[in-house]
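# Analysis of the macromolecular model
One letter stands for each residue in the lines below.
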Amino acid sequence: MAIKVLVVDDSSFFRRRVSEIINADPRLTVVGNATNGKEACELVKVLQPDVITMDIEMPVMDGITAVREIMKIAPTPILMFSSLTQDGAKATLDALDAGALDFLPKKFEDIARNRDEAVDLLQKRVAELAGKRFYLRRHNVSSPAIKTLSTPPGRNMSAMTSEVRPAAISAINTGRTGSEPALTAKIPLRFRASGKKYQLVAIGTSTGGPVALQKILTQLPANFPYPIILVQHMPATFTAAFAARLNNLCRIEVKEAQNGDILRAGVAYLAPGGQQMMVDGRAVGARLRIIDGGERMNYKPCVDVSFGSAAKVFNDRVLSIVLTGMGADGREGARMLKANGSTVWAQDEDSCVVYGMPQAVAKAGISSHDLPLDRIAEYILIELGLS
């Protein structure tokens, strides 16, 4: 059965263009078109699409409001189309916060080097997101079993149980079908620190990463004792806005990395879009080097590049984590880190928007733990001896 897609855009030209591309893939079929968010909300109930493509700026009801409404009435995977501007970046991040799972530039020339690559990427993104309805059901923010972990006033993290909550497992298993992935067997029922010493935390991610990073970083204390490097696949015009948003939400400092930045404790450095971020020098006083990645690089920024450079500088003293994302970026960098004695974790399948990058690390036998997203911050604090 073909994947049902609803196309939402106030431009008849863009609706037609996107519909033609989607219908050209035998896996996909456009079942309806909407000219604004209000129409989309009405059609979702009637057509029950598997995926929605959504514009942001529309009359009557904008895309962000429509995403929020759809997540209330019939949670459905949504792919946003965004302009590559500062305003477009903010709006796209708002849409992801509202529940959209992914985004692509609205101008096809910004998606890939040529039209054929852009068409292929759009078709793959839509097909990939089609199976994520179960994810939205399990991780609905209104579900008390899946809420982000927080420390109640007067209690520290060590006083809280490290066991997987039965309520969460119940919510995860409710309504599963045979096509949905089972809960990973590698979730530790009781997490214990390894006793290793660290000097750096490194995190790499792609699709689903903005929400995942926000969940983790907002739980870290202001006196976090190590620097953090963040690699998120994201356009150049988006990373400054994303870093600023995280900085406003977090107790630690978050900034877009700049060439020559000295790594400081309690600061998270987000790799700038369109470039590569490398760690230089020695562990004490290490600096960041921001360079152009070259035309041959598939990802700018690239997790492999940043992880690999961290392995050379910090050897066995890196706690690295590969989060949700398409593809296998991070696997080779994580392999280098592990070879030097550093620790590698991966996000588990159930909590990923796309289980690509973490799966690549897990299948290669590189990760020591596959962890649910809502426990990763807790486990970081335990591993670093902070709870």
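Structure shown above.
Residues numbered from 1 in each chain as written. Predicted model: local features only at pLDDT ≥ 70, side-chain atom pairs only at ≥ 80, totals over all residues. Heavy atoms only, no water.

## A look at the nonpolar core
The cut-off we apply is this: Put simply, buried Ala, Val, Leu, Ile, Met, Phe, Trp, Tyr and Cys residues joined by side-chain atoms within 4.5 Å make one nonpolar core. Partly exposed describes any residue whose relative accessible area lies between the buried limit of under 20% and the exposed limit of over 50%, with all areas from a 1.4 Å probe on protein chains only and scaled to the type maximum. Runs of E in the DSSP output that reach at least two residues are strands. Runs of H or I that reach at least four are helices, and both are numbered from the N terminus. These domain boundaries are the output of an automatic or database domain assignment. Contacts: residue pairs with any heavy atoms within 4.5 Å of one another.
With 89 residues, the main nonpolar core has Met54, Phe224 and Ile228 as its most contacted residues. At seven residues, helix α13 (residues 373-383) tops the list of elements feeding residues into this core. Residue assignment places this core across two domains, with domain 1 (3-136) and domain 2 (200-384) each supplying three or more. Beyond its immediate stretch of four places on either side in the chain, Ile228 contacts Leu200, Val201, Ile203, Leu217, Leu220, Ile252, Val267, Ala268 and Tyr269. Formed by 28 residues, the second largest nonpolar core is a distinct cluster that contains Ala202, Ala257, Tyr269 and Val318.

## Focus on the pairing of strand β9 (residues 267-270)
To keep things clear, this is the line we draw: Only strands that DSSP links by at least two bridges are regarded as paired with each other.
Neither face of β9 is exposed, since Val267 and Tyr269 on one face and Ala268 and Leu270 on the opposite face are all buried. As paired strands, strand β7 (residues 228-232) and β9 are joined by three bridges and run parallel to one another. Along β9, the bridge assignment pairs Leu230 with Leu270. Across four bridges, the pairing between strand β8 (residues 253-256) and β9 is parallel. Across the sheet, Glu256 pairs through a bridge with Leu270, a residue of β9.

The analysis is restricted to geometry; functional conclusions fall outside its scope.
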